[in-house]
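Take a look at the letters that make up each chain.
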Amino acid sequence: MSENSALKIDGQTIAKLARGVRLREDAARGQTILLAPERALALDEIAVAIVQALDGVKTLDDIAAGFALQFEAPKEEILNDVIAFIRDFASRRMLELSR
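Residues numbered from 1 in each chain as written. Predicted model: local features only at pLDDT ≥ 70, side-chain atom pairs only at ≥ 80, totals over all residues. Heavy atoms only, no water.

(A) Inspection of helix H4 (residues 75–91) at higher detail. Over its 17 residues, H4 runs 24 Å from end to end, which matches the ideal 24 Å to within 8%, given 1.5 Å per residue. Here H4 has its buried residues at Ile78, Leu79, Val82, Ile83, Phe85, Ile86, Phe89 and Ala90. For H4, the angular spread of buried residues about the axis comes to 165 degrees, placing them on one side. Set apart from the buried face of H4 by more than 90 degrees, the exposed residues are Glu77, Asp81 and Ser91. Trailing H4 by a residue or two, arginine 93 shows a phi angle of about 60 degrees, which is positive. (Helix = DSSP H or I, 4+ residues; strand = E, 2+ residues; numbered from the N terminus. Expected span 1.5 Å × (residues − 1). Buried < 20%, exposed > 50% of the residue type's maximum accessible area, 1.4 Å probe, protein only. Arc of directions from axis to C-beta.)

Written out as structure tokens, the structure reads:
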């Protein structure tokens, strides 16, 4: 079992892009993509905002609180959405998780 799959993902989780994964602008297509070895994922605006917030220092709870203020939305709802995003991208080995 990998470290990411063994870690419980919740508000105290800290995430950052995995080694070799980069956020890039694709000028030809006019979109932001997440580049990893031998793969690329196109991201929507919400995904870009989440990825940009993943600094390896802030917890997911801190990130959700910031988005709640920015978008005037319930923090718990945002936290649930952020956790779902983190689970998906961690399962694709695009993120490194810690506590």
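(B) Inspection of helix H2 (residues 45–53) at higher detail. Residues of H2 that are buried: Ala47, Val48, Ile50, Val51 and Ala53. Check the buried side of H2 and you find it contacts strand E1 (14–17), strand E2 (22–26), strand E3 (31–36), strand E4 (39–43), helix H3 (60–71) and H4. Where H2 begins, the capping side chain belongs to aspartate 44, and its oxygen is found 3.2 Å from the backbone nitrogen of isoleucine 46. (Contact = heavy atoms within 4.5 Å. Polar contact = N/O pair within 3.5 Å; in protein donor to acceptor, adjacent residues only side chain to side chain.)

(C) The arrangement of the side chain of threonine 59 in detail. With respect to the element layout, threonine 59 can be found in the loop between H2 and H3. Since its relative accessible area comes to 12%, threonine 59 is described here as buried. A polar contact of 3.0 Å, which involves the side chain of threonine 59, links it to the backbone nitrogen of aspartate 62. Here threonine 59 is in contact with Gly11, Gln12, Thr13 and Ile14, once residues within four sequence places are set aside.

(D) Layout of the side chain of aspartate 26. Along the chain, the position of aspartate 26 falls in strand E2. Of note is the side chain of aspartate 26, whose polar atom sits 3.2 Å from the backbone nitrogen of alanine 28. Among residues more than four places away in sequence, those in contact with aspartate 26 are Gln31 and Ile33.

(E) View of the packing of aromatic side chains. Applying the stated rule across the entire model yields two aromatic pairs. Summarising the aromatic geometry, the rings of phenylalanine 67 and phenylalanine 71 are spaced 6.0 Å apart at their centres and angled 50 degrees between planes, so their arrangement reads as tilted. Of this pair, phenylalanine 67 and phenylalanine 71 are both found in helix H3, four residues apart, which corresponds to roughly one turn of the helix. Looking at phenylalanine 71, the relative accessible area reads 51%, which means it is exposed. Ring centres of phenylalanine 85 and phenylalanine 89 lie 4.2 Å apart, and the angle between their planes is 20 degrees; this geometry places the pair in the stacked category. Note that phenylalanine 85 and phenylalanine 89 are positioned in helix H4 at a spacing of four residues, about one turn of the helix. (Phe/Tyr/Trp six-rings, centres within 6.5 Å; stacked < 30°, edge-to-face > 60°.)

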